[in-house]
Amino acid sequence: MGQCCSKQRRKHCKCYAGSYPDLTNASTSSNSPNASTQFVTGLTVLNQSSRNTYNDCNIYQNVGDIYTHGMRNRPLTEIVNTTAEKLHQHLRTVVDEKCGREYGRAVEPVDLVLVKYTGQKDNDPENQREKLARAVDKGNELKGDITVENMFERVKIEAGGNQTDEKTVGVVGAVGVGKSTLTKVVTENILDKKILSNASFVFYITVGTIELTRETDLFELLFATLIAEGSLSIQEAEKKELINFILKDPNTVVIIDGLDESKTENLHPYPQVLPFAKAKPMALICNILNGKLLKNAYKLVTSRITQFIDASPEYRPKFVLEILGLAPSEQQKLARCVCGAQFDRVWKILQDNPALLECCVVPVNMLMALKFLLGGGEASGIITLTGVYIAMLNRYIRSKHCGFPPGMDVVKKLCDLAFDGWQTNQSLFSDEDLGHFGIPLTTQQAFVNTAIKSDDMFAIRILQQDKVSYFVHRSWQELLVALRLVLFMPLNEFKSFLENAFESGDLENVVKFCFGICKGSVFDEAKQLPPAAQVDEIEEKKKFLGLISESKAKKLSKSVTESNREHDLQKWFHLFACLNELGSDDISLPVTKLLPTVADFKGSAFSSDVTNMAALYKLNNTTLKLKSVNLFFFGSALQSFGKFVQEQKVKIEDFKLQRCPDEQLKFAGSVLSQVQQFSHSCGFFISESPDITREIMLALAANIKDGLLQIDYPHQVARLDLSYFQFEDEGVSILSSGVGKVAELYMIRIGMTSVGAVKLGEHLEMETTQSMVRLHISGNKVSDIGACAITKSIHKIKTLEMCDCGITCKGIPGIIQNILNSKTMNPRLDLSENKVGDDGAQELGKCLHLVEELILRDCDITFTGACALAGGLSELQTPMIELGLGNNPIGDLGAAAMSKCFSNVKSLGLGRSIYAGSGCGITSDGISHIASGLLSLQEPIQSLDLSGNKFGDDGAKKLSKCLHQVKRLNLSRCEITSTGVKALVDGLSTLQTPIEELHLDGKTCFSMDADSWKIFDSKVYKLNTSWW
């Protein structure tokens, strides 16, 4: 096995990429004994494995000579070592075949994304690809950080000491995503002592190759492959000793692949089975899973998701992992390994066809697409998954490997087999089943992989062998079902089936294949599948696909109302994908007339979703207006969406970018020319690498600037939120030239210093022709120099927020001078969390007449500064709208100074911040001054915040007498108990007009009785009882 990529940030389970022989080359396909095995990862349609039907009489009578020549009464250690060695030698061949080592060019590990299963019963391919995209996103809560190397360590942690659960791992995933590959990789790691280095026995059970109706015992179940080969020489007494050892051994490993290959009804609770008793195989397997057999063993079991959930909880491991597929980086790695020198050409074709590329998260689809393109398949004009599968099937059937006589209708027979299995939920087919559909043994051999091979004729002769066949990947069965529908099914049956299938999530791929087969170039290829006979009613079937698409669009449109414009985006995307597979403008055109023209988009989008949608809107030149866009963009979807918005002139009122890959961020600005409000939620999750961040951020800044410069009118973008993107000074310099097109600009914590602030200030002076509504640059260390540069344009900014910007008292005079120079009223200035101090407060007191709202929360202002600000307030001719002094230690003296000028401020903040702080240090004495000031008012103050001040019940009693003089009062975290509450209730009872809003913390409210609640309900319009 190749070495793990330990330097990677995220490791996953490994599958292997090798070189694959040309499917059309007879010498490499038919002459090699392993040729059919190669098609497990290439083009196997059916898989065929040996299923052994033996019983005690048959085996032990016929192989008695082997036992006689064996050594009797051997020590248990020798029995264990000898048997384990033979078992592990056999497993080596299984692993090597699965990993593809026998096909020449070497292998390289390819990562599959492995995450903890979320417990959702979900086989929807759309949701599967979204989960994969989220898992490879380093900032998301769903992380692909579980590996083959650590899975058994993780299960022990998750089990929390439960011995039954701490050694059992479940693995689920969609068909073809790599569950069997994972089991082989785990097996190889154990055999190589890379994990579970003390493992004594490793048993590998493939449920799909077991005769489920024939009774067996534990020994025969575990050692079936060695018994089949005739390589196990052991006496009856030794067999019992061996089983007893395995039952107690804590280092035995049991790997069960394909639990879903049994019928789900077989997974009901089974009674306990004794170790040497005969029972149905599933009874034994389920007793292993629930710990009644092999309680001490390590266990790994795989299944498809739906079947796993449907099974009895008794058999489901507590710790379950989910394989999501190939991460984008691993798709490239696999492509490089398979394509070699042709990688650049092949990868460019895949990138230009996102619908095909996004199917390549499933390894089998990836390998099929690569093989198709390596053979120059793109020249046929077929670049869809349907076309790839049909072209490869056609190429393979006509190769010398198969050698079918002309006119043989092998494809129709396979289609009939696939359709019947689909309808009856049958996944395993015996020779009799295949014969029923007219598929003889000679035909089977061209499509199957025989897993059991041996040169020991004596061993083969003494066993009776049945053969079981199954489709190696569900994709093949889905394609063949679709081929039967389109090529061979009568029109009426076709209509009936499609009407039901369009509503079924389980048949989503079948429906998409049906549309794809009807595409002109693909259908021409499909008609050549033997026998190349004329297909009737194809035009009628294509028309019906158009009618059912139109009906689906009408149904989706009717679900949207004026009050609820949120569309079921994923269902629309599925419809778009089907129509794109079909590629017929005549059929798509009626659907385009039903497309929404006003909508809300919420959810997730991939590049193929956007390109499919854009094609339909462009076809009818439909105008789209999006009231709200709130999307996760995966892959290159953001780039595609920006192009769609620009080309179709899509108007967007509110665009919120939830997440996108780092490298896609640079395209975020492409939507700005059509957006009124832009915000995002991904600034926190940019890559931790400084180099990557810098490159991405500068590209994003340039893209946003270009988008803004395309705008004709100032302030056309009502709100642009770029907070937490680490643009730093260089990025700010790039962005600054477009600020005149933005009404509200948020640049919180973007890494800007005084250098960037100076540049931004220059552009504000030069380019802004009318007042900016809001500039929010808090959290940037712009210092005194930067603050002065920005405030030179303060007359052009209605609200300027510079919290926590490294401003000191030394910078305040420069800010004051800029305010005085403006000679205009400045609506709002927030300098919170800067070291303003008393000196700065004294300076600010001189310009209160030019500032409507001044917020100085947590600025190290004491009673001295408060007195200076109070002096400035007292001189005002017109009251300030708000003065905020929360979290400053002004104490009772500062409160007394403020209380003398309540008439000159409408809203006063003397409390704590929302999440922290202890108010202003005001006690009951300070409240006496505040109450006195309130009582002297001719009109009530609009708002008074006293939260976090520890004045207790005494302060509450004093405030209760002046509640009529406050419209909104905050008394959270003031240590008020039931006594204070009673005083407030008494005060409220006397009010003629209810108070507008009252804040009390949860602890205070908890002390209120029912009568108090009644008073609060009747005398307070809005009672806020949060714990903050």
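The text that follows walks through the structure, step by step, so that each part is easy to find. What you see is a predicted model; the values in this text were computed from it and never measured.

The helix and strand tally for the protein chain stands at 44 helices and 26 strands. Burial statistics for the protein chain: of 1028 residues in total, 59% are counted as buried. A total accessible area of about 41,400 Å² is found for the protein chain, and carbon and sulfur atoms account for 49% of it.

Its identity as a non-glycine residue notwithstanding, Lys193 has a phi of 65°, on the positive side. Residue placement: Lys193 occurs in the loop between helix 8 (179–191) and strand 5 (202–206).

Interhelical geometry of helix 38 (residues 863–874) versus helix 39 (residues 891–899) gives an angle of 0° and a closest axis separation of 8 Å. Here helix 38 is positioned roughly parallel relative to helix 39, judged by the angle of their axes. Across the interface between the two elements, Phe863, Ala866, Cys867, Leu869, Ala870 and Leu873 of helix 38 pack against Leu893, Gly894, Ala897 and Met898 of helix 39. In terms of residue class, the contact of helix 38 with helix 39 is built from 9 nonpolar, 1 polar and no charged.

Now for the nonpolar core. One finds Leu350, Leu483, Phe641, Phe655, Ile930, Leu946 and Leu971 to be the most contacted residues of the largest nonpolar core, which totals 222 residues. The greatest single-element share of this core, amounting to 9 residues, is contributed by helix 23 (residues 474–488).

What follows deals with helix 24 (residues 491–501). Buried residues of helix 24: Leu491, Phe494, Phe497, Leu498 and Ala501, and no others. For helix 24, the buried positions fall inside an angular range of 125° around the axis, keeping them on one side. Helix 24 presents Asn492 and Asn500 as exposed residues on the side facing more than 90 degrees away from its buried surface. The secondary structure elements touched by the buried residues of helix 24 are helix 19 (410–424), helix 23, helix 25 (508–517) and helix 27 (538–558).

As a further point, take helix 27. For helix 27, built from 21 residues, the straight-helix expectation of 30 Å at 1.5 Å per residue is met to within 8% by its first-to-last C-alpha distance of 30 Å. As for helix 27, its buried residues are in contact with helix 23, helix 24, helix 25, helix 26 (520–527), helix 28 (569–582) and helix 29 (585–592).

Close approach of charged atoms allows side chains with opposite charge to pair. Scanning the entire structure with this criterion turns up 23 salt bridges. Between Arg345 and Glu378 there is a salt bridge, with its nearest N and O atoms 2.7 Å apart. Taken together, the residues span a long stretch of sequence, with Arg345 in helix 15 (residues 343–352) and Glu378 in the loop between helix 17 (363–374) and helix 18 (385–397) at a distance of 33 residues. With a shortest N-O distance of 3.5 Å, Lys835 and Asp860 are connected by a salt bridge. Of this pair, Lys835 sits in the loop between strand 19 (826–830) and helix 37 (837–844) while Asp860 is found in the loop between strand 20 (851–855) and helix 38, placing the two residues 25 residues apart along the sequence. On the basis of relative accessibility, which here comes to 39%, the residue Asp860 falls in the partly exposed class. Several salt bridges converge on common partners, so that one network encompasses Lys412, Asp416 and Arg484.

Turning to the pairing of strand 24 (residues 966–970), a few remarks are in order. In this structure, strand 23 (residues 941–945) lies alongside strand 24, joined through 4 bridges in parallel fashion. The residue bridging Asp945 from the neighbouring strand is Asn970, located in strand 24. Pairing geometry for strand 24 and strand 25 (residues 995–999), over 3 bridges, is parallel. Counted as the bridge partner of Asn970 is His999 from strand 25. In this fold, the crossover linking strand 24 to strand 25 by way of helix 42 (residues 978–989) has right-handed handedness.

All right, on to the side chain of Thr168 then. Inspection of the secondary structure puts Thr168 in strand 4 (residues 168–173). Judged by relative accessible area, Thr168 falls into the buried class, the value being 5%. Not counting residues within four places of it along the chain, the set of residues in contact with Thr168 comprises Val155, Lys299, Pro317 and Phe319.

Below, the discussion takes up the environment of Lys835. Under the relative-accessibility criterion, Lys835 is labelled exposed at 53%. Taking the C-alpha atoms as reference points, Lys835 and Gly806, 29 residues apart in sequence, are found 7.4 Å from one another. Once residues within four sequence positions are removed from consideration, Lys835 is found in contact with Ile807, Thr808, Cys809, Cys859 and Asp860.

Moving on, we get to the side chain of Glu330. Among the secondary structure elements, Glu330 is positioned in helix 14 (residues 328–339). At 3.1 Å, the side chain of Glu330 and the side chain of Lys333 are in polar contact.

This next bit is on the environment of Val320. Relative to the helices and strands, Val320 resides in strand 8 (residues 319–326). Sequence separation between Val320 and Val301 is 19 residues; the distance between their C-alpha atoms is 9.3 Å.

Quick look at the pairing of strand 19 now. Sheet topology places strand 18 (residues 799–801) next to strand 19; 3 bridges connect them, and they run parallel. In the strand pairing of strand 19, Glu801 is matched with Asp830. The handedness of the strand 18 to strand 19 crossover, carried by helix 36 (residues 812–822), is right-handed. Both strand 19 and strand 20 contribute to a ladder of 4 bridges, which runs parallel. Note on strand 20: the bridge partner recorded for Arg828 is Glu853.

Conventions used here
- Residues numbered from 1 in each chain as written.
- Predicted model: local features only at pLDDT ≥ 70, side-chain atom pairs only at ≥ 80, totals over all residues.
- Heavy atoms only, no water.
- Helix = DSSP H or I, 4+ residues; strand = E, 2+ residues; numbered from the N terminus.
- Buried < 20%, exposed > 50% of the residue type's maximum accessible area, 1.4 Å probe, protein only.
- Areas by Shrake-Rupley, 256 points an atom, 1.4 Å probe, with all protein chains shown as cover.
- Axes fitted to C-alpha atoms, helices over the stretch in contact; angles between N-to-C directions.
- Parallel < 35°, antiparallel > 145°, perpendicular 65-115°, else oblique.
- Contact = heavy atoms within 4.5 Å.
- Nonpolar A, V, L, I, M, F, W, Y, C, P; charged D, E, K, R; others polar.
- Core = buried A, V, L, I, M, F, W, Y, C linked by side-chain atoms within 4.5 Å.
- Arc of directions from axis to C-beta.
- Expected span 1.5 Å × (residues − 1).
- Salt bridge = Lys/Arg side-chain N within 4 Å of Asp/Glu carboxyl O.
- Pairing = 2+ DSSP bridges.
- Right-handed = clockwise from strand over helix to strand, strands pointing away.
- Polar contact = N/O pair within 3.5 Å; in protein donor to acceptor, adjacent residues only side chain to side chain.

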